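Below are the chains, spelled out letter by letter.
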Amino acid sequence: QVALVESGGGLAQAGDSLRLSCVASGRTFTADAMSWFRVAPGKDREFVAGTRRSGGTTVVADSVKGRFTVARDNAKNTVYLQMDSLKAEDTAVYYCAAGQMIQTFMLQRPSSYHSWGQGTRVTVST
C-alpha cells in the first residue's frame with residue numbers, strides 16, 4: 001500500500017500555469033507507475049499523464065499534449081504535473097495514482113493502479 005498526497009491545485013485564469021505535486025510514501029517500491037487522472041464535473045475519470053520508473057517512459061493524453069508535461073523525481077518519490085496554457089475545460093479534480101504494470105499502454109487504465117490520492121481541485125476561469 002502506498003500513500004499519495006497531492007498539492008498545488010487552486011484557482012487560475014485561462015492561459016495561466018499551475019504545477020501539481022504528488023508525494024508517495026509507504027511501499028514506494030510498488031509504485032513503478034505514477035500517473036495523473038482527472039474528473040471534470042459530470043464527466044468520467046480521464047487519464048491525463050503518467051510515467052513508469054522501469055524504463056523512464058512518459059505518456060501524455062492527446063487532450064493535453066503540448067500544454068501539460070509530467071516529470072518524476074525518484075529520489076523524492078514525487079511526480080509532478082506541469083500545466084501550462086490552462087483552459088476552462090481543464091477544470092477538474094486531479095488525482096494521483098500509483099501502481100505496477102508490465103506494459104506502458106496500461107498507464108491509461110484506472111484499473112492498473114492500486115493506490116489513489118485524495119485529489120486536488122483545479123478551477124480555471126475565463
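Residues numbered from 1 in each chain as written. Predicted model: local features only at pLDDT ≥ 70, side-chain atom pairs only at ≥ 80, totals over all residues. Heavy atoms only, no water.

A. Broad picture of the overall build of the protein. Secondary structure assignment for the protein yields zero helices and 11 strands. Starting at the N terminus, the α and β elements of the protein follow one another as β-β-β-β-β-β-β-β-β-β-β. A compact globule built from 126 residues should have a C-alpha radius of gyration of about 14 Å, and the protein, at 13 Å, falls within 12% of that. Based on the C-alpha atoms only, the size of the protein along its principal axes is roughly 40 × 25 × 25 Å. (Helix = DSSP H or I, 4+ residues; strand = E, 2+ residues; numbered from the N terminus. Rg over C-alpha atoms; globule rule 2.2 N^0.38 Å.)

B. Spotlight on the sheet that holds strand S1 (residues 2-7). One open sheet holds the four strands; their spatial order is S1-S3-S8-S7, and the pairing between them is antiparallel. The sheet is open, and its two edges are formed by S1 and strand S7 (68-73), each paired on a single side. Recorded for the sheet is a direction-independent mean angle of 15° between the axes of neighbouring strands. Both S7 and strand S8 (residues 78-83) contribute to a ladder of six bridges, which runs antiparallel. In the sheet register, Thr69 faces S8, and the bridge partner there is Gln82. (Pairing = 2+ DSSP bridges. Axes fitted to C-alpha atoms, helices over the stretch in contact; angles between N-to-C directions.)

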